[in-house]
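# Geometric and topological summary
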Amino acid sequence: MARIEKDMIAVIFRSTRNADDGAGYAEAAAQMARRAALQPGYVGVESVREPGGAGITISYWADEASALAWRDDAEHRRIREAGRARWYDDYSVVVARVERSYDWAR
């Protein structure tokens, strides 16, 4: 993933997955990851999910216009509706502007 820099947009998606249609969910998630990566302004994504279904995905965007364009993408909208109907018990979205970012690794 590219370096996360000041004033980029972080879209934080917290969700609880149900146990229904795991294969369909996995396929849709992979499709959305590929599609997001092709969008102008896409910086990267990080995602984790615990065995009980709770997960967090953070996508990073160069600016707010890029994040909004992804939100409004027709295929993303279609998959989002499928998620509401089939795969999620609940979710929340927080959109934040990055103030600072740093890394550390051994």
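First, a word on scope: everything that follows refers to the structure included in this document. (Residues numbered from 1 in each chain as written. Predicted model: local features only at pLDDT ≥ 70, side-chain atom pairs only at ≥ 80, totals over all residues. Heavy atoms only, no water.)

Attention now moves to the packing of aromatic side chains. Enumeration according to the criterion identifies seven aromatic pairs in this entry. Ring plane angle 45° and centroid distance 5.1 Å describe the contact between F13 and Y91, whose orientation is recorded as tilted. Placement of the pair is F13 in strand β1 (residues 9-17) and Y91 in strand β4 (residues 88-97), with a sequence separation of 78 residues. Taking the relative accessible area as the measure of exposure, Y91 reaches 25% and is therefore partly exposed. With 6.1 Å between their ring centres and 25° between their planes, W61 and W70 make a pair best called stacked. W70 sits in the buried class, given a relative accessible area of 10%. Through a chain of ring-to-ring contacts, three or more aromatic side chains come together here, namely F13, Y25, W87, Y88 and Y91. We note R17 situated over the ring of Y25; from NZ or CZ to the ring centre the distance is 4.2 Å. (Phe/Tyr/Trp six-rings, centres within 6.5 Å; stacked < 30°, edge-to-face > 60°. Helix = DSSP H or I, 4+ residues; strand = E, 2+ residues; numbered from the N terminus. Buried < 20%, exposed > 50% of the residue type's maximum accessible area, 1.4 Å probe, protein only. Lys NZ or Arg CZ within 6 Å of the ring centre and 35° of its normal.)

Our next topic: the packing of helix α1 (residues 22-37) against helix α3 (residues 74-87). When two helices pack together, their arrangement is given by the angle between the helix axes and the distance between those axes. Contact geometry for α1 and α3: axes closest at 11 Å, N-to-C directions at 155°. Considered as vectors, α1 and α3 are oriented roughly antiparallel to each other. The way α1 lies across α3 gives a crossing that is left-handed. Seen from α1, the contacting residues are G24, Y25, A28, Q31, M32 and R35; seen from α3, they are E75, H76, R78, I79 and W87. The residue makeup of the contact of α1 with α3, split by class, is five nonpolar, three polar and three charged. (Axes fitted to C-alpha atoms, helices over the stretch in contact; angles between N-to-C directions. Parallel < 35°, antiparallel > 145°, perpendicular 65-115°, else oblique. Left-handed = near helix turned anticlockwise from the far one by under 90°. Contact = heavy atoms within 4.5 Å. Nonpolar A, V, L, I, M, F, W, Y, C, P; charged D, E, K, R; others polar.)

This part takes up helix α2 (residues 64-72). Of the positions making up α2, those classed as buried are S66, A67 and W70. All buried residues of α2 lie within an arc of 100° about the axis, which places them on one face of the element. Of the surrounding secondary structure, the elements contacted by the buried residues of α2 are β1, α1, β3 (54-61) and α3. The N-capping residue of α2, defined by a side-chain oxygen 3.4 Å from the backbone nitrogen of A65, is D63. (Arc of directions from axis to C-beta. Polar contact = N/O pair within 3.5 Å; in protein donor to acceptor, adjacent residues only side chain to side chain.)

The analysis is restricted to geometry; functional conclusions fall outside its scope.
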